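As a plain string of letters, each chain reads:
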Amino acid sequence: MDIQTRLVHAGEERINGAVVLPIFQSSTFVSPKEEEYHDIRYLRLNNTPNHRALHAKLAAVCGGEDALVAGSGMAAITTALITVLNSGDHLLIQDCLYGGTHSFVTQDAPGLGLSYDFIAGNAPETWAAKLRPETKAIYVETMTNPLMEVADLEAVVAFAREHGLVSLIDNTFASPCNFRPLRIGFDIELHSATKYLNGHSDIVAGVVVGSAEHVKAIKHKLNHLGGSLDVHACFLLQRGLKTLSLRMRQHDENGLRLSHFLAEQEQVAQVNYPGLESHPQYERAQRLFAGAGGVLSFELHGGVEAAERLLSKLVLPASAPSLGGVETLITRPVTTSHSGLSREELAAIGIADGLVRVACGIEAAEDLCADFAQALAGV
Ligand code: PLP
C-alpha cells in the first residue's frame, strides 16, 4: 500500500471499539506468566500498547523489519551508536552534522573508548584512507544542517558493504515520505521524531528503524539506559504520523517556492536548497528524494547586520530552533544549533556568521514569500 495509507492504518489496534488507540497511562502491566526481564510489560521497557502500535506503524512506513521509539532524537542516535560500537571501535562520520550528534561524538564518545574520523560526504575516494582494522560503522545525515549538502548516499551503502561496516543514517530532514534509506541498503535509519514525524512542535521523540536484530540490540540498550518515550508523547506522535504525507507535500512546496523566490532577490547572495537546480547535488536529490523538504538556508550580501534586520522584520516565522512543525521557524545557526562549534570548525564546514536557516511550516507559500518580500524591502 501507498505510504499515506500505511501512515494512517499500519499498527492501529481497535481496543473496545475505539477508533483511536487510547493512552495506556500505566507504568506496569499484569504478567500472564513468569517471564524474563525483557518480557515484563513495563513502560521503561518500551512495550506498552502505545509503544507497540508505534513500532509497527514506523516499521511499515519506513520499510524495516522492526522499529523503536526513544525519548528524543538524541536518545535514538546515541543509543544506536553505542550499541553498534563497543569500546575500542572506530567510527567514520560525516563532517557536517547536527550539533548534538557532533558534540556527542567529539566530547562524549572518546570517554567511552570510541574513536572517530570525519569524512567528507561527497568525496568517497577519500574514505578508504581513514579505515582502520577496528572501524565498525559509518554514519551520515540525509541532508546536512544547515547547508543542505546531500552526501553520496549510494556510495556510503556500497562502502559499508565492501568493508563490513554498519551503515547508519539520520533521515530527519527527509522524513520517510521523501526518502526511505533502508530501500537503498542502509542498515539503520534514525529520526528526531520531534521534527516532521510528529510535526506539531509539541514533543521530543526519537526513532530507530532497521532489521529485527539491530532493533532488538538497540532496544535492549535503551531499556537499560532508560531513555523511553512517555506514553502521552507516544499518543501525540502516533496522531502526528497519520498526517505526515499531507504535511510533507506542503513543506516541500514551501521549501521549493521560497528558495526560488529568495534566489531571485538582489539582496540574497546564496541559497542552499537541494531542490534548486543550482544546488551541487540537485541531480542526486532529484533521483533519490520525492521532495527536498522544508528546510533551506541563505546568505544576504549585507552579512550579519542584514540578517538580523531581516529577522526583526519578518512577521510569520518564529525565531526559534528546530524544524518540521506546522509553523515556519527561522534561526541564525551560529547562534543556535551550531553555537557549540569553534570558529575554526564553523569555517571548515562553511557556515558563515550571517547564514540564515528557514524551516518552512505548512502556511501558504504565497504568504511566506510575501512576508519575506516585505522584510527584504527594509534590509
Ligand atoms: N538530528 C537532527 C538532524 C536534528 O535536527 C536534531 C534536532 O534538531 C536531532 C537529530 C536531535 O533530535 P532531538 O532534539 O529530538 O533530540
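Residues numbered from 1 in each chain as written. Predicted model: local features only at pLDDT ≥ 70, side-chain atom pairs only at ≥ 80, totals over all residues. Heavy atoms only, no water.

Notes on the overall build of the protein
The number of helices and strands found in the protein is 13 helices and 12 strands. Over its C-alpha atoms the protein spans a radius of gyration of 21 Å, differing by no more than 12% from the 21 Å that the globule rule assigns to 379 residues. With respect to the principal axes defined by its C-alpha atoms, the protein has extents near 70 × 55 × 35 Å. Burial analysis of the protein (379 residues in total) assigns 54% to the buried set. The contacts of the protein with a sequence gap of at least 6 include a subset with a gap of at least 24, amounting to 74%. (Helix = DSSP H or I, 4+ residues; strand = E, 2+ residues; numbered from the N terminus. Rg over C-alpha atoms; globule rule 2.2 N^0.38 Å. Buried < 20%, exposed > 50% of the residue type's maximum accessible area, 1.4 Å probe, protein only. Contact = heavy atoms within 4.5 Å.)

Observations regarding the packing of helix α9 (residues 244-263) against helix α13 (residues 365-377)
Here α9 crosses α13 at 30 degrees, and the two axes come no closer than 9 Å. Classified by the interaxial angle, the pair formed by α9 and α13 is roughly parallel. In terms of crossing hand, the pair formed by α9 and α13 is right-handed. Contacts from Q250, E253, N254, R257, L258, F261 and L262 in α9 reach A365, E366, L368, C369, F372, A373 and L376 in α13. The residue makeup of the contact of α9 with α13, split by class, is 9 nonpolar, 2 polar and 3 charged. (Axes fitted to C-alpha atoms, helices over the stretch in contact; angles between N-to-C directions. Parallel < 35°, antiparallel > 145°, perpendicular 65-115°, else oblique. Left-handed = near helix turned anticlockwise from the far one by under 90°. Nonpolar A, V, L, I, M, F, W, Y, C, P; charged D, E, K, R; others polar.)

Let's talk about the environment of L165
Turning to its location among the elements, L165 is positioned in the loop between α5 (153-163) and β5 (166-170). Residues contacting L165, with those up to four places away along its chain left out, are L131, T135, K136, A137, I138, F159, A160 and D187.

Things to note about the packing of aromatic side chains
Applying the stated criterion across every chain, the model contains 4 aromatic pairs. Considering the side-chain rings of W127 and F159, the 5.6 Å spacing of their centres and the 85 degrees angle between planes classify their relative orientation as edge-to-face. One end of the pair, W127, is in the loop between β3 (115-119) and β4 (135-141); the other, F159, is in helix α5, with 32 residues separating them in the sequence. The exposure class assigned to F159 is buried, which follows from its relative accessible area of 7%. Over the face of the ring belonging to F29 we find R41, whose NZ or CZ atom lies 5.0 Å from the ring centre. (Phe/Tyr/Trp six-rings, centres within 6.5 Å; stacked < 30°, edge-to-face > 60°. Lys NZ or Arg CZ within 6 Å of the ring centre and 35° of its normal.)

Quick look at the sheet that holds strand β11 (residues 329-331)
An order of β8-β9-β12-β11-β10 is seen for the 5 strands of this open sheet, with the pairing classed as mixed. Only two strands of the sheet have a single partner each, and these edge strands are β8 (268-272) and β10 (318-319). Bridge count between strand β9 (residues 295-300) and strand β12 (residues 356-359): 4 bridges; the pairing is antiparallel. Of the residues in β12, the one forming a bridge with V295 is A359. The sheet strands contacting α9 are β8, β9 and β12, and the helix crosses β9 at an angle near 10 degrees. (Pairing = 2+ DSSP bridges.)

A closer look at the nonpolar core
Counting residues in each nonpolar core, the largest one holds 55 residues, and the members touching the most others are I138, L153 and L237. When residues of this core are assigned to domains, at least three map to each of domain 1 (3-241) and domain 2 (244-376). When near neighbours in sequence (up to four residues on either side) are disregarded, I138 contacts L91, L92, I119, W127, V156, F159, A160, L165, V166, S167 and L168. Listed in part, the 26 residues of the second largest apolar core include L81, L97, A109 and V208. (Core = buried A, V, L, I, M, F, W, Y, C linked by side-chain atoms within 4.5 Å. Domains from an automatic or database assignment.)

Quick word on the domain arrangement of the protein
One frequent convention defines the size of an interface as the accessible area lost when the parts assemble. The domain boundaries assigned to the protein delineate domain 1 (3-241) and domain 2 (244-376). On a C-alpha basis, the centres of domain 1 and domain 2 stand 26 Å from each other. Contact residues are listed per partner, giving 37 residues for domain 1 and 40 residues for domain 2. Across the domain 1/domain 2 interface, buried area totals approximately 3200 Å², and carbon plus sulfur atoms make up 59% of it. Applying the counting rule to domain 1 against domain 2 returns 2 salt bridges. The residue R284 makes a salt bridge to D152 at a minimum N-O spacing of 3.7 Å. (Buried area = accessible area lost by both parts, 1.4 Å probe. Salt bridge = Lys/Arg side-chain N within 4 Å of Asp/Glu carboxyl O.)

Overview of a nonpolar patch on the surface
On the surface, a nonpolar cluster with roughly 250 Å² of combined accessible area is contributed by Y37, I40 and Y42. Positionally, I40 belongs in the loop between α1 (3-9) and α2 (49-62). (Patch = residues over 30% accessible without salt bridge, like charges linked within 9 Å, V, L, I, M, F, W, Y side chains within 5 Å. Areas by Shrake-Rupley, 256 points an atom, 1.4 Å probe, with all protein chains shown as cover.)

Observations regarding the site of the ligand
In the vicinity of the ligand there are 13 residues, among which M74, D170, S192, T194 and K195 approach most closely. The contact in question runs from an oxygen atom of the ligand to an N or O atom on the backbone of G73, over 2.9 Å. A total of 390 Å² of accessible area belongs to the ligand in isolation, and the protein chains cover 91% of it. Residue contributions to the shell around the ligand peak at 3 residues, all from helix α3 (residues 73-84). Among the residues forming the shell around the ligand, the class breakdown is 6 nonpolar, 5 polar and 2 charged. (Near = heavy atom within 4 Å. Polar contact = N/O pair within 3.5 Å; in protein donor to acceptor, adjacent residues only side chain to side chain.)

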